[in-house]
Amino acid sequence: MFEVNNNKMNDDRIDEIGENHIATSAKTPLRADAFDISDDEKIERIQESVKEILETLGMDLTDDSMQGTPKRVAKAFVNELFMGLNPKNKPKASTFDNTYKYGEMLVEKNIIVYSTCEHHLLPIIGRAHVAYISNGKVIGLSKMNRIVEYYAKRPQVQERLTMQVVQAMQEALGTQDVACVIDAKHLCVNSRGIKDIESSTVTAEFGGAFKNKETKREFLDYIKLNTDFQ
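Keep in mind that what you see is a predicted model, and the values were worked out from it rather than measured. (Residues numbered from 1 in each chain as written. Predicted model: local features only at pLDDT ≥ 70, side-chain atom pairs only at ≥ 80, totals over all residues. Heavy atoms only, no water.)

A word on the overall build of the protein. A count of helical and extended segments in the protein gives seven helices and seven strands. Every one of the 230 residues in the protein was classed for burial, and the buried ones make up 34%. Partitioning the intrachain contacts of the protein with sequence separation of at least 6 by distance along the chain shows that 69% fall at a separation of at least 24. In the form shown here, the protein has an accessible surface area of approximately 14400 Å², with 52% of it arising from carbon and sulfur atoms. (Helix = DSSP H or I, 4+ residues; strand = E, 2+ residues; numbered from the N terminus. Buried < 20%, exposed > 50% of the residue type's maximum accessible area, 1.4 Å probe, protein only. Contact = heavy atoms within 4.5 Å. Areas by Shrake-Rupley, 256 points an atom, 1.4 Å probe, with all protein chains shown as cover.)

Structure follows, in structure tokens:
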């Protein structure tokens, strides 16, 4: 009886939230036992779940085109789309002494973002712009891309992703002077629901010196520069 009432409360809460964009914290909501089983076992379990979903939808899984779909989806979930859930995949953010004494902000623009909305498990596709001001350390340019990729490859909300990128950069560089802006399309908006194919979502996180109005404006002006080198 308690379980039925509890489920009813959950259903009521889901109905109350509706299409609202809810993010609970800057941390990805993971259970404590998230990594108690291996990736191979996760693939096996997800494969069976996907098979059940497709069969429930009425798909004929004996068809040549569909036979491998459950396993393909399971492998994509664990090894690609959601690989950023596993700490073992976190990129090593190697830093180096700023021996050339570069004192201005460094901006990495147009980092491609491929993520997945955690509300409908539909794609988020966009670009991230990340900047920092060195306090004695610099980070390899490709590491900035890899940090974005790592946090994007998990069920996400864009606000959390933006904050996680900034926090990871701050930790690696030992400075609060980090900023990130993400502009992305959400297929949960573009392909379902309101079906608005033109709208995109912009989120920003500014740390340290980037909270200063002039520094923030400089960063935003940089990311507006034309970078078409063809």
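Structure's up, so let's keep going.
The computed volume of the largest pocket comes to approximately 590 Å³. Within the residue set of the lining of the largest pocket, elements represented by two or more residues are α2 (39-56) and α3 (69-81). Grouping the constituent residues of the lining of the largest pocket by class yields 12 nonpolar, three polar and seven charged. (1 Å grid on protein atoms, 1.4 Å probe; cavity = no way out; pocket = protein on both sides within 12 Å on 5 of 7 lines; lining within 4 Å. Points joined across faces, edges and corners; volume = space filled by probe spheres on them. Nonpolar A, V, L, I, M, F, W, Y, C, P; charged D, E, K, R; others polar.)

This part covers the side chain of serine 115. Turning to its location among the elements, serine 115 is positioned in strand β2 (residues 105-117). Polar side-chain contacts of serine 115 include one of 2.6 Å to the backbone oxygen of alanine 152. Those residues in contact with serine 115, other than ones at most four positions away along the chain, are Leu122, Pro123, Ile124, Ala152, Arg154 and Gln156. (Polar contact = N/O pair within 3.5 Å; in protein donor to acceptor, adjacent residues only side chain to side chain.)

With that out of the way, let us pick up the side chain of glutamine 170. Considering the arrangement of structural elements, one finds glutamine 170 in helix α5 (residues 158-173). Engagement of the side chain of glutamine 170 in a polar contact is seen with the backbone oxygen of glutamine 176, the distance being 3.1 Å. Once residues within four sequence positions are removed from consideration, glutamine 170 is found in contact with Thr175, Gln176, Val178 and Gly207.

Turning next to the packing of aromatic side chains. Inspection of the entire model under this criterion finds four aromatic pairs. Here the aromatic rings of tyrosine 150 and tyrosine 151 are separated by 4.9 Å at their centres, their planes lie at 75°, and the arrangement is edge-to-face. Since its relative accessible area comes to 5%, tyrosine 150 is described here as buried. A relative accessible area of 12% means that tyrosine 151 is categorised as buried. An aromatic cluster is built from Phe206, Phe210 and Phe219, whose rings are joined through pairwise contacts. Geometry around tyrosine 150 places arginine 154 over its ring, the cationic atom sitting 5.0 Å from the centre. (Phe/Tyr/Trp six-rings, centres within 6.5 Å; stacked < 30°, edge-to-face > 60°. Lys NZ or Arg CZ within 6 Å of the ring centre and 35° of its normal.)

When the UniProt feature table is mapped to this numbering, "binding site: Zn(2+)" (unreviewed entry) covers Cys117, His120 and Cys188. Over a stretch of 72 residues, the named residues converge on one spot in the fold, their C-alpha atoms separated by at most 7.4 Å. By relative accessible area, cysteine 117 is classed as buried at 1%. Cysteine 117 has contacts with Leu122, Ile124, Gln156 and Cys188, leaving out every residue within four places of it along the chain. Within the fold, histidine 120 resides in the loop between β2 and β3 (123-133). A relative accessible area of 32% means that histidine 120 is categorised as partly exposed. (UniProt positions renumbered as here; feature names shortened; annotations may be inferred.)

The grouping of Asp40, Glu44, Glu48, Glu52 and Glu55 at the surface amounts to a negative patch. Mapped onto the fold, glutamate 44 is located in helix α2. Residue classification places glutamate 44 among the exposed residues on the basis of a relative accessible area of 54%. (Patch = residues over 30% accessible without salt bridge, like charges linked within 9 Å, V, L, I, M, F, W, Y side chains within 5 Å. Salt bridge = Lys/Arg side-chain N within 4 Å of Asp/Glu carboxyl O. Lys, Arg positive; Asp, Glu negative; His and termini not counted. Charge placed at Lys NZ, Arg CZ, Asp CG, Glu CD.)

The pairing of strands in a sheet comes from backbone hydrogen bonds and takes either a parallel or an antiparallel form. The strand order across the open sheet formed by five strands is β5-β2-β3-β6-β7, and the pairing between neighbours is mixed. On the outer flanks of this sheet lie β5 (155-156) and β7 (201-206), each paired with one strand and no other. Bridge analysis of β3 against strand β6 (residues 178-186) gives nine bridges, and the strand direction is antiparallel. Of the residues in β6, the one forming a bridge with arginine 127 is aspartate 183. Across the sheet, helix α7 (residues 213-223) touches β2, β3, β6 and β7, and the angle it forms with β2 is around 70°. (Pairing = 2+ DSSP bridges. Axes fitted to C-alpha atoms, helices over the stretch in contact; angles between N-to-C directions.)

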